[in-house]
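# Observations on chain architecture
Take a look at the letters that make up each chain.
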Amino acid sequence: MSGEIHCSQTSGVATLSLSNPDKLNAVDADMWRALQARMSAINADPEVRCVILRGAGDKAFAAGGDIEEFLVVRATVDDALHYHEGLVAAALDAIRACPVPTVAMIQGACIGGGLEIAGCCDIRIAGESSRFGAPINKLGFSMYPGEMAGLLELVGPAVLLEILLEGRILGAHEALAKGLLTRVVDDEEVEREAHATAARILKGAPLVARWHKQWVHRLMKGTPLSADEKRAAFDFLATEDYKEGLDAFFAKRPPVFKGR
């Protein structure tokens, strides 16, 4: 039986839940397809202002890919290329392309494909007992290059190579020290902190959140900004939210942003 990607949306926050309870939320082929489809729909929804990705229950974010199906989905090079490029990398790219902030809410195991998903999110909040790694060297296969992008951008080559070459499982505080996580909280506080993070994001101007993500990704390319891009950095001057932000500041009241 295939796992599922559950989706709910409340007050501008979309929550995607990786659900494969019999396998610690291991992500199978159908789930990768569904994750890409769900994220693509969210990315095109102007009502969404923040996305929370989590594992169903509290035992695992995701314990990797579903290894039991690998003999079928990766039987040949063509099959493997379709699986890892057409399904897995496509889903990860959809997360990285999300125009609004993404928060990974991590409880329990966050291994292999689960680590790749979390690594594509903007903010990663984990419980103290959560654990991280990609011990695929012990299974005799390598991480597909198209799946490395998010982790490489997040922690750099030295930490990524340490994770892949040793195949060691890291505790939450070591993962935090290596840059894999944004913060670590008590296990019972993970869900509350993830939603509190989303609430703080929602208090800000929606267009500004999108622009901040856009410019960070643009600057990571390493090429100089064009004259047009430099001018575009001040597009906020023409927005109603900019006027509202200043009016609220001078009036000493909370701003009410409308995303325009």
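So, a few notes on the structure that sits alongside this text. Within each chain, residue numbers correspond to sequence positions counted from 1 in written order. Per-residue local features are limited, in this predicted model, to residues with pLDDT of at least 70; the limit for side-chain atom pairs, both in listing and counting, is 80 or more; totals at the level of whole chains, interfaces and linings are taken over all residues. As a convention, hydrogens and water are excluded, and side-chain values are obtained from all of the structure's heavy atoms.

### Re the nonpolar core
Residues belong to a common nonpolar core when they are buried Ala, Val, Leu, Ile, Met, Phe, Trp, Tyr or Cys residues joined through side-chain atoms within 4.5 Å. Residue exposure (1.4 Å probe, protein chains only): buried if accessible area is under 20% of the type maximum, exposed if over 50%, otherwise partly exposed. Within the largest apolar cluster, 52 residues are counted, with the highest numbers of intra-cluster contacts made by W32, L35, V51, F61, I106, I117 and F132. The contact definition used throughout considers only heavy atoms, calling two residues in contact when any of these lie within 4.5 Å. With sequence-adjacent residues up to four places away left out, V51 is seen in contact with A14, M39, I42, C98, V100, P101, T102 and V103. Ranked by size, the runner-up nonpolar core spans 12 residues in total, among them V103, M105, I123 and A194.

### Comments concerning helix 3 (residues 77-96)
The angle between axes fitted to the seven residues ending at a residue and the seven residues starting there is what we call the bend at that residue. Each helix is a run of DSSP H or I of at least 4 residues and each strand a run of E of at least 2, with the numbering of both proceeding from the N terminus. Roughly 35 degrees is the biggest bend found in helix 3, and it falls at A89. Considered for burial, the residues of helix 3 that qualify are Y83, H84, L87, V88, A89, A91, L92, A94 and I95. For helix 3, the elements touching its buried residues are helix 1 (29-43), strand 3 (50-55), helix 2 (70-73), strand 5 (102-106), helix 4 (113-119) and helix 5 (145-166).

### Structural notes on the sheet that holds strand 9 (residues 170-171)
Following DSSP output, two strands are said to pair if at least two bridges run between them. Pairing within the open sheet is mixed, and its four strands lie in the order 4-6-8-9. On the outer flanks of this sheet lie strand 4 (60-63) and strand 9, each paired with one strand and no other. Bridge count between strand 6 (residues 109-111) and strand 8 (residues 131-133): three bridges; the pairing is parallel. Each residue of the ladder has a partner; that of A109, found in strand 8, is R131.

### A look at the pattern of salt bridges
Where charged atoms from two side chains of opposite charge approach closely, those side chains can pair. For salt bridges, the criterion is a side-chain nitrogen of Lys or Arg within 4 Å of an Asp or Glu carboxyl oxygen. Considering all chains together, one arrives at 20 salt bridges under this definition. D30 is paired through a salt bridge with R33; the nearest N and O atoms lie 2.8 Å apart. Taken together, the residues D30 and R33, both in helix 1 and three residues apart, mark about one turn of the helix. Residue classification places R33 among the partly exposed residues on the basis of a relative accessible area of 41%. Linking R168 and E162 is a salt bridge whose minimum nitrogen-to-oxygen distance equals 3.1 Å. E162 sits in the partly exposed class, given a relative accessible area of 22%. Salt bridges here are not isolated pairs; linked through shared partners, they connect E162, E166, R168, E174 and K178.

### Quick look at the packing of aromatic side chains
Planes of paired rings set the category: under 30 degrees apart is stacked, over 60 is edge-to-face and the rest tilted, where pairs are Phe, Tyr or Trp rings (Trp by its six-membered ring) whose centres lie within 6.5 Å. As enumerated under the stated definition, the model contains five aromatic pairs in all. Judged by centre distance (5.8 Å) and plane angle (70 degrees), the ring pair of F70 and Y83 falls under edge-to-face. Placement of F70 in helix 2 and of Y83 in helix 3 is noted, with a sequence separation of 13 residues between them. Classification of F70 by relative accessible area gives buried; the value is 10%.

### Here's the deal with the packing of helix 1 against helix 3
Lines are fitted to the C-alpha atoms to define the axes, a helix being fitted only along its stretch in contact, and any angle between axes, read from their N-to-C directions, falls within 0 to 180 degrees. In the contact formed by helix 1 and helix 3, the axes pass within 8 Å of each other and the chain directions differ by 35 degrees. At the point where helix 1 passes helix 3, the crossing takes the left-handed sense. Note on element contacts: helix 3 touches helix 1 through Y83, L87, V88, A90, A91, L92, A94 and I95, opposite A29, W32, R33, L35, Q36, M39, S40 and N43. Basically, the charged four are Asp, Glu, Lys and Arg, the nonpolar ten are Ala, Val, Leu, Ile, Met, Phe, Trp, Tyr, Cys and Pro, and anything else, Gly included, counts as polar. Tallied by class, the residues present in the contact of helix 1 with helix 3 amount to 12 nonpolar, three polar and one charged. Working rule for handedness: look at the near helix, and if it is turned counterclockwise from the far one by less than a right angle, call the crossing left-handed; if clockwise, right-handed.

### Topic: helix 1
For helix 1, spanning 15 residues, the distance from its first C-alpha to its last is 21 Å, which sits close to the expected 21 Å at 1.5 Å a residue. Among the residues making up helix 1, those that are buried are A29, M31, W32, L35, M39, I42 and N43. When helix 1 is viewed along its axis, its buried side chains cluster within an angular range of 165 degrees and face the same direction. Structurally, helix 1 contributes buried residues whose contacts are with strand 1 (4-10), strand 2 (13-19), strand 3, helix 2, helix 3 and helix 4. A helix is expected to span 1.5 Å for every residue after the first. The arc refers to the directions leading from the helix axis to the C-beta atoms.

### What about the sheet that holds strand 1?
In space, the six strands of this open sheet follow the order 1-2-3-5-7-10, with mixed pairing throughout. Both edges of this open sheet fall to strand 1 and strand 10 (183-185), since each of them pairs with a single strand only. Taken pair by pair, the neighbouring strands of this sheet meet at an average axis angle of 20 degrees, ignoring direction. Two strands pair when backbone bridges link them, and strand 3 and strand 5 are joined in this way by four bridges, in the parallel orientation. When the bridges of strand 5 are listed, R54 appears paired with M105.

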